[in-house]
Amino acid sequence: MIRRLVVLLVCGLCALPSAGGAAESQPAAANAYKVKLLPFKVEARLEGTFESPQMTRILVQPKRWTQLTVEEAVPHGTRVEKGDVLIKVETDKLDEAIRELEIGQRLADLNHGLMERELARLVKATPLQLEAARRAARIAAEDYKRYQEKESKLEAEAVDVSLKAANFSLENALEELEQLEKMYEQDELTEETEEIVLKRARFQAELSRFSNKLSANRHDRAVKLDLPRVKEREESVARLAEIELERANDALPTTLVRMRVELEKSANDRRKVAEQLAELKADRGLLPVKAPVAGIVYYGRWLQGRWVAADDAATKLRSGGTLDTREASLTIVGPGRLSIAANVPEKELAKVAAEAAAVVLPRAFPETRIPARVRSVSSLPISNGRFEAKVDLLDEKPQLVAGMEAEVRVTAVAKPEAVAIPRKAVFSDELDDGLRFVWIASGEGKEPVKRTVTVGRSNDELTEIVAGLSVGDEILLEKPAARPAPKPAAKPEEKPVAKAEEKPAEKPSAKPEEKPAEKPAEKPAEKPVEKPADAPAG
């Protein structure tokens, strides 16, 4: 009976490791992956918008006139032909400004002509006026010099002589009268003749006295007043002539230069007026705003693959609104095969290259697949972390219009067969992120082997292995548990010790089990022998 119990206990103990091995083999099988050739494809999924090859912005940019009040604008979605009116704008004030400038230009032309002729006359007259001023100064200087040297003395002497002559004449008349009176007292002439002669002599003497009186007065005046005044006048005339000459030398050339400058300013003013008039006329030629090409009118503008400012444009284009002269308010979408403007996130940039094949899935028609090809990719980002790709459609779909959205799937890699494994089976070295490796399953009971591999591109599920693996290799999808095994291995060694210390009664029970196990070994033969052999391995 005891032997049977011992045999059953040994069989149970042998069965425990084998059950554990089976439990471990199941996860090992689930964790393994056999390398094989698979279809491998890498693609970038982008968001894009359909655009027309002809996207004409309608931007009114007047050079001078900015008061553009809208009277009427065509509605959004209107089909127009080249030359059709798109926007009517109030032009009354602009027309009035043009008329005023035209009148001002004519007046400026007349004034400029007068100034040109006046300048020509001034050019001729200035040398003559300078010469006249010099001549007047010279004459005044000569006259003053002569007056000082000769004429002043002569005039003073003439005054003295004149007074002397008057005195002499008076003395002579008185003497003659006296002699006549004496003579007539002795003569036997008739009294009548005597009276006549004496009368004349007395009258002449009276005249001489008065003439002498006048001469004395003139002499006194000349000495005290006239001669000093003449001298002052001559000095003043000479000084004034010098000043006039100095003024002429200064003013006449300056006047000529100023006239030339004023003429130049007049010419510049005329040029400005002409430019203003030309610019206003050019601005007037922009109105009303007409369609430069045929197509469909869209409100707003196309920017980086999307419509912007459409609501703002609708507000400004209503009657009474102010037309924006800085940004386009309208865009005319012309005919032609549509293309796609796709946003390329920076992380997807390596997958998108020119001439790459693509498939376009319109949002409005998700079941539709349109073959396409990448035309170009911007070399610089159009915003933070975002590039732009232009994608050409290889097929036309009439129901699609510019502005619709679509998903663009760009094929970066497409191989019918490639050595590709799940992405999670590729690990990075802790010390070198650029080093990739896999764990090769070495068989049951053996430690996995770490093998370095060269990886290619990856998609969401698979990574292509360029070198390091062959078809048929078996790899692990997760890191093996061999590395953390030493830690739990130390615990079982400690647990039996603890149990042995707590329950010493179990030790003697093991010895009787070992002895009976040797005798009945012949009956259970194979089973007890194989199972204990597995137990130590575990």
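Residues numbered from 1 in each chain as written. Predicted model: local features only at pLDDT ≥ 70, side-chain atom pairs only at ≥ 80, totals over all residues. Heavy atoms only, no water.

Engineer: Go over the overall build of the protein chain, please, and point to the residues and values.
Structural biologist: Tallying secondary structure elements over the protein chain gives seven helices and 21 strands in all. When each of the 538 residues of the protein chain is scored for burial, the buried share is 30%. In the protein chain, the proportion of contacts linking residues at least 24 apart, taken out of those at least 6 apart, comes to 77%. (Helix = DSSP H or I, 4+ residues; strand = E, 2+ residues; numbered from the N terminus. Buried < 20%, exposed > 50% of the residue type's maximum accessible area, 1.4 Å probe, protein only. Contact = heavy atoms within 4.5 Å.)

Engineer: Quick one: what's the story with the side chain of Ser 52, residue by residue and with numbers?
Structural biologist: Here Ser 52 lies in the loop between β2 (37-51) and β3 (55-58). One polar contact links the side chain of Ser 52 to the main-chain amide nitrogen of Gln 54, over a distance of 3.2 Å. A polar side-chain atom of Ser 52 sits 2.8 Å from the main-chain carbonyl oxygen of Gly 334. Those residues in contact with Ser 52, other than ones at most four positions away along the chain, are Val 333, Gly 334, Pro 335, Leu 338 and Ala 402. (Polar contact = N/O pair within 3.5 Å; in protein donor to acceptor, adjacent residues only side chain to side chain.)

Engineer: Provide a residue-level description of the pattern of salt bridges, including the pertinent values.
Structural biologist: Going through the model one piece at a time under the given rule, you end up with 31 salt bridges. Here Arg 363 ties to Glu 47 by a salt bridge, and the two come within 2.3 Å at their closest N and O atoms. Of the two residues, Arg 363 sits in the loop between β13 (357-362) and β14 (370-377) while Glu 47 sits in strand β2, which places them 316 residues apart along the sequence. Residue class for Arg 363 comes out partly exposed when judged on its relative accessible area of 41%. Since its relative accessible area comes to 42%, Glu 47 is described here as partly exposed. If you follow the salt bridges from partner to partner, you end up with Lys 41, Glu 43, Arg 45, Glu 407 and Arg 409 in one network. (Salt bridge = Lys/Arg side-chain N within 4 Å of Asp/Glu carboxyl O.)

Engineer: Can you lay out unusual backbone geometry for me, pointing to particular residues and giving the numbers?
Structural biologist: The omega torsion of the bond from Leu 287 to Pro 288 falls at -10 degrees, within 30 degrees of zero and hence cis. As for its position among the elements, Pro 288 is in the loop between α3 (191-285) and β7 (289-290). Notably, Ala 309 is not glycine yet its phi reads approximately 60 degrees, a positive angle. You can see Ala 309 is positioned in the loop between β10 (306-308) and α4 (310-316). You can call Ala 309 partly exposed: its relative accessible area is 32%. Phi at Glu 355 is positive, roughly 75 degrees, even though this residue is not glycine. Classification of Glu 355 as exposed rests on a relative accessible area of 52%.

Engineer: Talk me through the sheet that holds strand β4 (residues 70-73); I want residue IDs and the actual numbers.
Structural biologist: Pairing between sheet strands relies on hydrogen bonds along the backbone, with the strands arranged either parallel or antiparallel. One open sheet accounts for three strands, arranged β4-β6-β7; its pairing is antiparallel. The open sheet has two free edges, formed respectively by β4 and β7, since each of these has just one partner strand. (Pairing = 2+ DSSP bridges.)

Engineer: Give a description of the nonpolar core that names residues and reports values.
Structural biologist: Counting 28 residues, the largest nonpolar core has Leu 86, Ile 87, Val 297, Leu 323 and Leu 330 as the members making the most contacts within it. Sorting the residues of this core by element identifies β4, β6 (85-89), α2 (92-186), α3, β8 (295-299) and β11 (330-333) as the ones contributing at least two each. The element contributing the most residues to this core is α2, with four residues. By size, the runner-up hydrophobic cluster in this structure holds 22 residues, among which are Val 374, Val 391, Leu 400 and Ala 406. (Core = buried A, V, L, I, M, F, W, Y, C linked by side-chain atoms within 4.5 Å.)

Engineer: Describe the environment of Glu 279, and please don't skip the residues or the numbers.
Structural biologist: Topologically, Glu 279 is positioned in helix α3. For Glu 279, a relative accessible area of 22% puts it in the partly exposed group. For the pair Glu 279 and Arg 64, spaced 215 residues apart in the sequence, the C-alpha separation amounts to 6.3 Å. Ignoring anything within four residues of it in the chain, the contact list for Glu 279 reads Lys 63 and Arg 64.

Engineer: Summarise the packing of aromatic side chains; cite the residues concerned and give the values.
Structural biologist: In this structure the tally under the stated criterion is four aromatic pairs. Arranged with centres 5.1 Å apart and planes meeting at 70 degrees, the rings of Trp 302 and Trp 307 form a pair that is edge-to-face. Taken together, the aromatic side chains of Tyr 298, Trp 302 and Trp 307 make up a single cluster linked through ring pairs. The ring of Phe 437 carries Lys 450 above its face, with NZ or CZ at 4.1 Å from the centroid. (Phe/Tyr/Trp six-rings, centres within 6.5 Å; stacked < 30°, edge-to-face > 60°. Lys NZ or Arg CZ within 6 Å of the ring centre and 35° of its normal.)

Engineer: Tell me about the sheet that holds β8, residues and numbers included.
Structural biologist: Taken together, the four strands give an open sheet; going across it, the order is β3-β11-β8-β5, and neighbouring strands pair in antiparallel fashion. The open sheet is flanked by β3 and β5 (79-80), the only strands paired with a single partner. Looking at chain direction, β5 and β8 are connected through two bridges and run antiparallel. Across the sheet, the residue bridging to Arg 79 is Ile 296, located in β8.

Engineer: Now, about the side chain of His 112: what can you tell me, with residues and values included?
Structural biologist: Position of His 112 relative to the elements: it lies in helix α2. Taking relative accessible area as the criterion, His 112 reaches 7% and is therefore assigned buried. If we ignore the near neighbours within four places in the chain, the residues touching His 112 are Leu 263, Ser 266, Ala 267 and Arg 270.

Engineer: Describe in detail a nonpolar patch on the surface, supporting the description with residues and values.
Structural biologist: On the surface, a cluster of nonpolar side chains totalling about 310 Å² of accessible area is made up of Ile 103, Leu 107 and Leu 110. Here Leu 107 shows up in helix α2. (Patch = residues over 30% accessible without salt bridge, like charges linked within 9 Å, V, L, I, M, F, W, Y side chains within 5 Å. Areas by Shrake-Rupley, 256 points an atom, 1.4 Å probe, with all protein chains shown as cover.)

Engineer: Lay out the pairing of β11 with the relevant residues and their values.
Structural biologist: Here β11 shows a buried face lined by Leu 330 and Ile 332 and a second buried face lined by Thr 331 and Val 333. Here four bridges tie β3 to β11, and the two strands are oriented antiparallel to one another. Bridging across to β11, Thr 56 finds its partner in Ile 332. Two elements, β8 and β11, share four bridges in a ladder whose sense is antiparallel. Along β11, the bridge assignment pairs Ile 296 with Val 333.

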